[in-house]
Protein chains: 4
Amino acid sequence: MPSNADLSEIVATIGRDMADHLGGGKVADYIPALARVDARRFGMAVITTDGEVAETGDAWIPFSIQSISKVFTLTMALERLGDDLWKRVGREPSGSRFNSIVQLEHEHGIPRNPFINAGAIVVTDALLAGRAPAAGIAEIRDYVRKLADVETIDIDTEVASSEAATGFRNQSLANFMRGFGNLNSPVDDVLKVYFNQCSLRITCRQLARAGLFLAGAGTDPISGDVVTTSKRARRIAAVMMTCGHYDASGEFAFHVGLPGKSGVGGGILAIVPGKASIAVWSPGLDEAGTSYVGAMALKRLAAATRWSVF
Amino acid sequence: MPSNADLSEIVATIGRDMADHLGGGKVADYIPALARVDARRFGMAVITTDGEVAETGDAWIPFSIQSISKVFTLTMALERLGDDLWKRVGREPSGSRFNSIVQLEHEHGIPRNPFINAGAIVVTDALLAGRAPAAGIAEIRDYVRKLADVETIDIDTEVASSEAATGFRNQSLANFMRGFGNLNSPVDDVLKVYFNQCSLRITCRQLARAGLFLAGAGTDPISGDVVTTSKRARRIAAVMMTCGHYDASGEFAFHVGLPGKSGVGGGILAIVPGKASIAVWSPGLDEAGTSYVGAMALKRLAAATRWSVF
Amino acid sequence: MPSNADLSEIVATIGRDMADHLGGGKVADYIPALARVDARRFGMAVITTDGEVAETGDAWIPFSIQSISKVFTLTMALERLGDDLWKRVGREPSGSRFNSIVQLEHEHGIPRNPFINAGAIVVTDALLAGRAPAAGIAEIRDYVRKLADVETIDIDTEVASSEAATGFRNQSLANFMRGFGNLNSPVDDVLKVYFNQCSLRITCRQLARAGLFLAGAGTDPISGDVVTTSKRARRIAAVMMTCGHYDASGEFAFHVGLPGKSGVGGGILAIVPGKASIAVWSPGLDEAGTSYVGAMALKRLAAATRWSVF
Amino acid sequence: MPSNADLSEIVATIGRDMADHLGGGKVADYIPALARVDARRFGMAVITTDGEVAETGDAWIPFSIQSISKVFTLTMALERLGDDLWKRVGREPSGSRFNSIVQLEHEHGIPRNPFINAGAIVVTDALLAGRAPAAGIAEIRDYVRKLADVETIDIDTEVASSEAATGFRNQSLANFMRGFGNLNSPVDDVLKVYFNQCSLRITCRQLARAGLFLAGAGTDPISGDVVTTSKRARRIAAVMMTCGHYDASGEFAFHVGLPGKSGVGGGILAIVPGKASIAVWSPGLDEAGTSYVGAMALKRLAAATRWSVF
């Protein structure tokens, strides 16, 4: 474990080193609000379980949380529904992107894990439980606010609307699962909540803070709040390790060695069990949809701190 | 980290507790030499990086190493060929068993990872490098002997012959890859080596000892031998975590939280980075082909020692 | 070619023989209006190109046309758009039902043929061409009315509503293709038309009459109307032969030897090029979704008349 | 039905017209003996059921029969084993090439039809029935000789050897099916026969003659020999229509409208039930592996003679 001074120095060095790589990767362009984000942004924030913070770059600029929200909805749903949730969604890596929908067919509408879109939609449906979308949206937003200890986190309604207008694949997946009886609320309601949860705007600082309970074995080490049990926190981290990056989860484990979850907004949340929570952001994505500079920064951080779990 | 006394007590308790479950699962029956193994066997051995040993049950009885051999051939091949090996085999989880061969087709003969059969066959081909099978077989056997620090580890030739006589699926995979140019030696030569490496007989004690370098960041903490670099050891462990148990890798990560590799002989090797190497054996398998009692024992051990990496 | 008297006798005999098999198969039960149809119904009507009619059983009772409507919308769309339609839909058999959606993914949203649901939805979208659903629905209904020379053919609105309420798989397919840009009108509009076209109620007599132009090389031999060119009529029949019965098209060709199209309402339209148009109806379906008694009757008719094209 | 004089004129005209297209397509180059065939060859022979012959171009030059041999082995196997053969092989189109092996996996080693390689290998295994390969090879060769009424048809042993040396995909398929228990003889024996049957050298004249029994409803109209029953001949033709051209069977039915079987040697056999047997040959293949000029010539012939069955 590096000292706080060393950690600050490591993070600062990474911030400087990344300057040569800014603009790498390709910004998500399927909706205008994401496409116009400056590709050269980079931010990183690290919070240790004893409350120390180290950050660099644009750690204070909000970005679109996208799929990272799935970590928080999974935690909520497990707390609310317990292990019954696992009857509706698996916890195995999905294999290639190509197979996503054939596996859904082969496995009768049960998605492989809660971090592929199909799985996250089921989790959101489980949370919504038949209520009106607005209630579900507010609940998720408030949950993330509380974890991040910031009241100002909000939804980018332009992003949410654009997601809805272009979300044909998610419509397809949701209807497919509905056909198998693995979706209870109306498809449009579930997707409304889902698109809104993905449209939360959050900064690296806030995101690292929101994920800190996973580094604290389920308990927020700053507030002392028990977010989830130790066992469940470890299990969520395990799913992040094996399934957190679509069809590049193996690569992330191989190079970074930490449980993590990426989003097409360019953010990545990574957990160092017992030690720290890390958030990085840089909008350019690699082919698998993970932040190119963000993953590079995490790789360096893991090497410098020896924080790989392996 | 439990004290040595505590560790011995934990292991002994698990040994006693497993008595109620002996015979669970289904012994592999595709070849006679495996089918006639006593389903009620159970052994476990733990070696810590400071050389302490705790064991229980049939830890001294040799069993068929099967797919666990893939960890050792992968290490050998990476040391010999360096990262070029990754041009011929990926490091992503494979998704469902069902898709194994279609993915091989979709990905033009490049197996998803070195722990599915197709990937391990490529690794063996890389090691063989055109030599006669006998040379390759001896080399792998000697490598495992050296890691385990036991000269008597040997190949069960009856198992090797039976594997060859019934290995139509592996013949199919190897020819398929050969058709894509991802196999250099003749199919029959490569498979001969492969079937022999899978037929090594090893005990829990020996297996835990052989895997200890992975807990020691690439260096055998007892002999001081540098088996591989720290970086490579971590990466091998990462691949074990995401891909070590076919289509149940997610389950193993979820329940045990340690990098591991299972074999249809009923053995499992698990690594606690920086702390210990663990081998369990019990012949009855669950549906995914992992030792039923073995996985249960590892789950208990991880819970009692808090050794999960998450 | 049997004489008219012989044909009447053959048809009557089949009608009597089928009595032993009534109730075989399983009535489609995914919507109530189909589920409550009497499983023991059976009707058959044959119209020759010289205008002779032979019929038996319930040939005068209307049933739900379902997928047989795809023959008529394909003809309409080819007449209106010409061969450009084939840029949006293929004409190859789809292989197993299991693969339908993975092939759609593999082939970037281009369905394999116009008789699987995805393909028929594309054809309907091509016909709708951005207009309001009501216009598209009326147009298709009027087209079938004209072909059948009966003004009273109409849509069963209960069936259409039920289809819409349970059509999650079709919603999924349509959104999937929309995501690939192979659907121009809003998904809900296209599906509204599609569900309505499938809900036309028609009798065997009417259906055989409506398909007669295909036996007449594109020209209705009774009215003399040129419905489509000779070349196109032959090609539509070819697609019926290779793709008319989902994943059982090979079986139908093997046993009956005529171009045909089945629907889950229990109807089948079969064409004897140059000679006759045949419609059968019996609600019980085999596993592939083809009328069990209907296919049996067609097999007998083809054997007795030597009308197989092979 | 054109008169004999008209038919000769039609065939001669096609011969002249094809001159502009010679060299189109791509000659199979996976083995040297096929790769060195002159791409500009073109031959066509038509034999009517009353024994008239019309031919043009290189109708007298032998070429490699390749997959067209599957029609003859299927007929042999059905005669010998009866409909029990269909327990080991289906009669449905296979869908896309991409899925061939996953469908074999999904359907537990039962190939979709006897004209894809996997299916033809099963048929050959059924014929071999445990005997030595030489016996099986001689038997198939003699069968084709008898059908073609020519004693000089023989196997190109260079082609057979090359096929064996490069046939990794067929090795893979055969071992895959053996693993499912759908192959009785040793894989190498079955493949030896299979590669030899594909290496028969035959001319258009001979091939058209050999297929004439299919135009004669199972009876050779010249010799009067009953090769198979009328029912079975129709069914073989039906399988040719739906499955004769791999993943382009729909295209062939659409454009030509005749049951046919193509081979990568550039030959195509097409049947006009009740009327004629046609063989064409031109070595350049389209993307689906069917003779480019050959298919074009058949399309013209079908249009000029109105021989399409539709």
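Residue positions are given per chain, counting from 1 as you read along its sequence in written order. The lettering of chains begins at A and the numbering of ligands begins at 1, in the order of writing. Only residues with pLDDT of 70 or above have their local features reported here, since the model is predicted, and side-chain atom pairs are shown and tallied only from 80 upward, although totals for entire chains, interfaces and linings are computed over all residues.

K.L.:
Describe the pairing of strand 8 (residues 267–272) of chain B, with residues and values.
P.N.:
On any regular strand, side chains alternate: one points to one face of the sheet, the next to the other face. Residues and elements named next belong to chain B. Backbone-placed C-beta atoms define the burial measure: a residue is buried with 20 or more other C-beta atoms within 10 Å of its own, exposed with 12 or fewer, and partly exposed in between. Strands are runs of DSSP state E lasting at least 2 residues, helices are runs of H or I lasting at least 4, and numbering of each runs from the N terminus. In terms of residue burial, strand 8 counts as a mostly covered element, since six of its six residues are buried. Because side chains alternate across strand 8, one face comprises the buried residues Gly267, Leu269 and Ile271, and the other comprises Ile268, Ala270 and Val272, equally buried. Being paired, for any two strands, means DSSP has found at least two bridges between them. Note that strand 7 (residues 260–262) and strand 8 share three bridges and pair antiparallel. Each residue of the ladder has a partner; that of Gly260, found in strand 8, is Ala270. Following strand 7, the chain reverses through four residues before pairing antiparallel with strand 8; Gly266 in that reversal takes a positive phi of roughly 100°. Looking at chain direction, strand 8 and strand 9 (residues 276–281) are connected through six bridges and run antiparallel. Within strand 9, the position partnered with Val272 by the bridge is Ala276. Once strand 8 ends, the chain turns through three residues before running back antiparallel as strand 9, passing Gly274 with a positive phi of about 80°.

K.L.:
Outline the sheet that holds strand 4 (residues 63–64) of chain D, listing residues and values.
P.N.:
All names here are of chain D. Pairing is antiparallel across the open sheet formed by three strands, whose spatial order is 4-6-5. Pairing within the sheet leaves two strands with one partner each, and these edge strands are strand 4 and strand 5 (154–155). In terms of strand pairing, strand 5 meets strand 6 (residues 200–202) through two bridges, oriented antiparallel. Directly across from Asp154, in strand 6, lies its bridge partner Arg201.

K.L.:
Quick one: what's the story with the interface of chain D and chain B, residue by residue and with numbers?
P.N.:
Taken together, the contact pairs twelve residues of chain D with twelve residues of chain B. Among the elements of the structure, helix 4 (100–106) and helix 8 (168–179) of chain D are those that each provide at least two residues to the side of chain D that touches chain B. Among the elements that take part in the side of chain D that touches chain B, helix 8 of chain D stands out by supplying eight residues, more than any other. Under the scheme applied here, ten amino acids are nonpolar (Ala, Val, Leu, Ile, Met, Phe, Trp, Tyr, Cys and Pro), four are charged (Asp, Glu, Lys and Arg), and all others, including Gly, are polar. Here the residues of the side of chain D that touches chain B are counted per class, giving five nonpolar, four polar and three charged. Note on contacts: residues are paired as contacts if their backbone-placed C-beta atoms lie within 7 Å.

K.L.:
Outline the domain arrangement of chain A, supporting the account with residue identities and numerical values.
P.N.:
All names here are of chain A. Here chain A is described as being made up of domain 1 (4–64 + 202–305) and domain 2 (67–197). Residue ranges labeled as domains rest on an automatic or database domain assignment. Centre-to-centre, using C-alpha coordinates, domain 1 lies 21 Å away from domain 2. On the side of domain 2, 30 residues touch domain 1, which itself brings 31 residues to the contact. Going through the elements one at a time, helix 2 (32–35), helix 10 (204–215), helix 11 (230–243), strand 7 (260–262) and strand 8 (267–272) are the ones with two or more residues in the side of domain 1 that touches domain 2. Counted by class, the side of domain 1 that touches domain 2 contains 17 nonpolar, ten polar and four charged residues.

K.L.:
Pulling in residues and values, what's your account of the sheet that holds strand 3 (residues 53–57) of chain B?
P.N.:
All names here are of chain B. An order of 3-2-9-8-7 is seen for the five strands of this open sheet, with the pairing classed as antiparallel. Two strands lie at the open edges of the sheet, namely strand 3 and strand 7, each paired on one side alone. When the angles between neighbouring strand axes are averaged without regard to direction, this sheet yields 5°. Pairing geometry for strand 2 (residues 43–48) and strand 9, over six bridges, is antiparallel. Bridge assignment links Thr48 to a residue of strand 9, and that residue is Ala276. With axes taken as lines fitted to C-alpha atoms, and helix axes fitted only over the stretch in contact, angles between N-to-C directions fall between 0 and 180 degrees. Contacting strand 2, strand 8 and strand 9, helix 13 (residues 292–305) crosses the sheet at an angle of about 150° to strand 9.

K.L.:
Which residues make up the interface of chain A and chain B, and what values go with them?
P.N.:
Counting from both sides, the interface comprises 31 residues of chain A and, opposite them, 31 residues of chain B. Contributing elements (two or more residues each) for the side of chain A that touches chain B: helix 4 (100–106), helix 11 and helix 12 (249–255) of chain A. Among the elements that make up the side of chain A that touches chain B, the one with the highest residue count is helix 11 of chain A (eight residues).

K.L.:
Go over the relation of the copies chain D and chain B with me, naming the residues and quoting the values.
P.N.:
The two copies are related by a screw motion: chain D maps onto chain B through a turn of 180° and a shift of 0.0 Å along the axis, at an RMSD of 0.0 Å. In the structure described here, the two chain copies are related by an operation that fits a two-fold rotation axis. Considering only C-alpha atoms, the part of chain D nearest the rotation axis is D:Ser172, at 1.8 Å. Most of the interface of chain D is mirrored in chain B, where 100% of its interface residues again form contacts. Our superposition of the copies is a least-squares fit, built on the C-alpha atoms of residues whose pLDDT is at least 70 in both.

K.L.:
Which residues make up the packing of helix 5 (residues 117–128) of chain B against helix 9 (residues 187–197) of chain B, and what values do they have?
P.N.:
Axes are the key here: two packed helices are described by the angle between their axes and the distance separating the axes. All names here are of chain B. Two elements in contact, helix 5 and helix 9, have axes whose closest approach is 9 Å; the angle formed by their N-to-C orientations is 110°. It follows that helix 5 is roughly perpendicular to helix 9 by the angle criterion. Two secondary-structure elements touch here, helix 5 through Ala120, Ile121, Thr124, Asp125 and Leu128 and helix 9 through Asp189, Val190, Val193, Tyr194 and Gln197. Split by residue class, the contact of helix 5 with helix 9 holds six nonpolar, two polar and two charged. Relative orientations are named as follows: roughly parallel for angles under 35 degrees, roughly antiparallel for angles over 145 degrees, roughly perpendicular for angles from 65 to 115 degrees, and oblique for any other angle.

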